[in-house]
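Overview (structure and organization)
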Amino acid sequence: MQKRNPGAGLLVLIASSLVSMVLGSIHAFSVFLAPLETQFSALRSVISLTYSLALVALTLAVLFAPRIYHRCSAARFMLMACIMAAIGAVVAGTANSLMLVWLGYSLIFGVANGLGYGFGLQISAQANPGREGLAMGVVTAAYALGAVLSPPLFDAATRVHGFQGAMFYLALSLLSAGVISAVLMKRANARFQSHDHKTSGTFPSLRNQLLLWIGYFGGVLCGLMVIGQAAGIAISLQPQTATWLAPMIIAACNLLGSLI
C-alpha cells in the first residue's frame, strides 16, 4: 500500500478500529433474546439461530473476502461494507417475521460484518509494517470494545423504541462510522495489496492444519455459546440482574484478553 504521508498508518488504524468497534456490537445480541421472543412468540432456541447464522455468515465472509479486497480503494470498500451492514440492520428492524430478521441481521449484516472486520485487520497490518501484530491487536480490541459499549445502549434503545429502534440506531452508527472511516482511508491513500504470488516460510501439513482448525473451532464454540446466551443465563440465575450486564462483563474480559 502506498502512503503519501508519514501518518498514514495511524489514520488507517483509527479508521479500521472505528468501524470494528461498531461491528463488534454483534456480540451483544443476547440483549435482544427476550424482546424478540415476545415480538415473534418464538422459542429461545429459534431466536438464538439469529446470532448463530450471523456468525456463520461472518466467518465465511472473513475466509473468502480477501479475494476481493484489492478490487477498489480501502475508502470505498469500508464505506460499502458499512452501508451493507446498515441495510441489514434496517431490514431486520422492519421485519414482520423471523425469516426477514435472519435475512437482514444474520445474512446481510453478518456478511458485511465479516467484510468490514476482516478488511480492517488486513489493511491495518499492511499500513503498519513492522508492527503488524500490534495493529491487528488494536483492531481486535476495538471489536471487543464495541461489544462492551453496546449492551447498555441496545438495552436502553429497546426499552424505549423496541428492537426496531435499536436496529435503526445501529444503522445510523454504521453509516456514521463508514463515512468517517472512508474519509480517513482516502486521506491515507490506502489500498489493499494482494500477496497472491508471495511465498515465504513453511506451512504445516494438511493433517496439522486440520487439527489446528478443529482446536480453534472447539475453543470458539464454547466462547460464542456463552456470549450468545449471556443475558438469558444471567437473568435465569438472578432475575433482578440488568439484561445488558452479563454480555458487557464478558466483552470487557474479552477486550482484556485481546490486549494481552
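Described in the following lines is the structure provided in the data block. (Residues numbered from 1 in each chain as written. Predicted model: local features only at pLDDT ≥ 70, side-chain atom pairs only at ≥ 80, totals over all residues. Heavy atoms only, no water.)

1. Quick notes on the pattern of salt bridges
To keep it simple, the criterion reads: When a carboxyl oxygen of Asp or Glu lies within 4 Å of a side-chain nitrogen of Lys or Arg, that pair is called a salt bridge. For every residue, the accessible area obtained with a 1.4 Å probe (protein chains only) is divided by the maximum for its type, and the residue is called buried under 20%, exposed over 50%, and partly exposed between those limits. Think of it this way: any DSSP run of H or I at least four residues long counts as a helix, any run of E at least two long counts as a strand, and we number them from the N terminus.
For the structure shown, the criterion picks out two salt bridges. For Glu37, the salt bridge goes to Arg44, with nearest N and O atoms at 2.7 Å. Accessibility expressed as a relative area gives 21% for Glu37, which makes it partly exposed. For Arg44, a relative accessible area of 29% gives the class partly exposed. Ionic pairing is found between Arg159 and Asp155, a salt bridge with its closest N-O pair at 2.9 Å. Of the two residues, Arg159 and Asp155 both sit in helix 6 (residues 132-187), four residues apart, roughly one turn of that helix. With relative accessibility at 63%, the residue Arg159 sits in the exposed group. Judged by its relative accessible area of 9%, Asp155 is buried.

2. Quick word on the nonpolar core
Where we set the bar: Only buried Ala, Val, Leu, Ile, Met, Phe, Trp, Tyr and Cys residues count toward a nonpolar core, and they belong to the same one when joined by side-chain atoms within 4.5 Å. What makes two residues a contact is simply this: any of their non-hydrogen atoms within 4.5 Å.
With 68 residues, the main nonpolar core has Tyr105 and Met185 as its most contacted residues. When contributions to this core are tallied by element, the ones reaching two or more residues are helix 1 (8-23), helix 2 (33-40), helix 3 (44-64), helix 4 (74-93), helix 5 (98-127) and helix 6. No other element matches helix 6, which puts 15 residues into this core. Leave out the neighbours within four places in its chain, and Tyr105 touches Ile26, Phe29, Thr50, Ala54, Gly88, Ala92, Gly110 and Met167.

3. Digging into the layout of surface pockets
Selection criterion: Of the two site types, the cavity is a set of points on a 1 Å grid over the protein atoms alone where a 1.4 Å probe fits but cannot get out, and the pocket is an open set with protein on both sides within 12 Å along at least five of seven lines, each lined by residues with an atom within 4 Å of a point. Grid points are joined across faces, edges and corners, and a volume is the space filled by probe spheres set on the points. Residues are grouped as follows: Ala, Val, Leu, Ile, Met, Phe, Trp, Tyr, Cys and Pro are nonpolar; Asp, Glu, Lys and Arg are charged; every other residue, Gly included, is polar.
Considered as a void within the structure, the largest pocket measures approximately 1,100 Å³ in volume. If you trace the largest pocket, you find 30 residues lining it, with Leu55, Thr59, Tyr216, Val220 and Leu224 closest to the centre. Mapped onto the lining of the largest pocket, the elements with two or more residues apiece are helix 3, helix 5, helix 6, helix 7 (206-237) and helix 8 (245-259). Sorting elements by how many residues they give to the lining of the largest pocket places helix 7 first, with 12 residues. Here the residues of the lining of the largest pocket sort into 19 nonpolar, 11 polar and no charged.

4. A few points about a nonpolar patch on the surface
Stated precisely, the cut-off is as follows: Like charges within 9 Å and nonpolar side chains (Val, Leu, Ile, Met, Phe, Trp, Tyr) within 5 Å are joined into patches, using only residues over 30% in relative accessible area that form no salt bridge. Working definition of accessibility: Shrake-Rupley area with a 1.4 Å probe, residue cover restricted to the visible protein chains.
Together, Val56, Leu60, Leu63, Phe64, Trp213 and Tyr216 line one region of the surface with nonpolar side chains, adding up to about 650 Å² of accessible area. Taken together, the elements giving at least two residues each to the nonpolar patch come down to helix 3 and helix 7. Considering the arrangement of structural elements, one finds Leu60 in helix 3.

5. Some thoughts on the side chain of Thr50
Just so we agree on the cut-off: Polar contacts here mean pairs of N or O atoms no more than 3.5 Å apart (in protein, one a potential hydrogen donor and the other a potential acceptor; neighbouring residues in sequence count only if both atoms are side-chain atoms).
If you trace the backbone, Thr50 turns up in helix 3. Of note is the side chain of Thr50, whose polar atom sits 2.9 Å from the backbone oxygen of Ile47. Non-local contacts of Thr50, meaning those with residues more than four positions away in its chain, are made with Phe29, Leu98, Val101, Trp102, Tyr105 and Ser106.

6. Some points on the environment of Ala54
In this fold, Ala54 is placed in helix 3. Note on Ala54: relative accessible area 0%, which makes it buried. For Ala54, the residues in contact, after removing those within four places along its chain, are Ile26, Tyr105, Ser106 and Gly110.

7. Structural notes on the packing of helix 2 against helix 3
Under the convention used in this document: The convention used is that axes are lines fitted to C-alpha atoms, helices contributing only their stretch in contact, and that angles between N-to-C directions extend from 0 to 180 degrees. By the definition adopted for this analysis, an angle is roughly parallel if under 35 degrees, roughly antiparallel if over 145, roughly perpendicular if from 65 to 115, and oblique otherwise. Here a crossing is taken to be left-handed if its near helix is turned anticlockwise relative to the far helix by less than a right angle, and right-handed if that turn runs clockwise.
In the contact formed by helix 2 and helix 3, the axes pass within 9 Å of each other and the chain directions differ by 120°. Considered as vectors, helix 2 and helix 3 are oriented oblique to each other. The two elements helix 2 and helix 3 meet at a crossing, and its hand is right-handed. Here helix 2 contributes Leu33, Ala34, Leu36 and Glu37 to the contact with helix 3, which in turn contributes Arg44, Ile47 and Ser48. Grouping the constituent residues of the contact of helix 2 with helix 3 by class yields four nonpolar, one polar and two charged.

8. Considering the packing of aromatic side chains
To keep it simple, the criterion reads: Two aromatic rings, drawn from Phe, Tyr or Trp (for Trp, its six-membered ring), form a pair once their centres lie within 6.5 Å of each other, and the interplanar angle then sorts them: stacked below 30 degrees, edge-to-face above 60, tilted otherwise.
In this structure the tally under the stated criterion is 13 aromatic pairs. With a centroid separation of 6.0 Å and an interplanar angle of 70°, the aromatic rings of Phe29 and Phe32 are classed as edge-to-face. On the numbers, 6.3 Å between centres and 45° between planes, the contact of Phe119 with Phe192 is tilted. Here the residue Phe119 occupies a position in helix 5, and Phe192 occupies one in the loop between helix 6 and helix 7, the gap between them amounting to 73 residues. Here Phe192 falls in the buried class, since its relative accessible area comes to 9%. Ring pairs connect the aromatic residues Phe29, Phe32, Tyr51, Tyr105, Phe109, Phe154 and Phe163, which therefore count as one cluster.

Without other data, these values stay purely geometric and don't point to any function.
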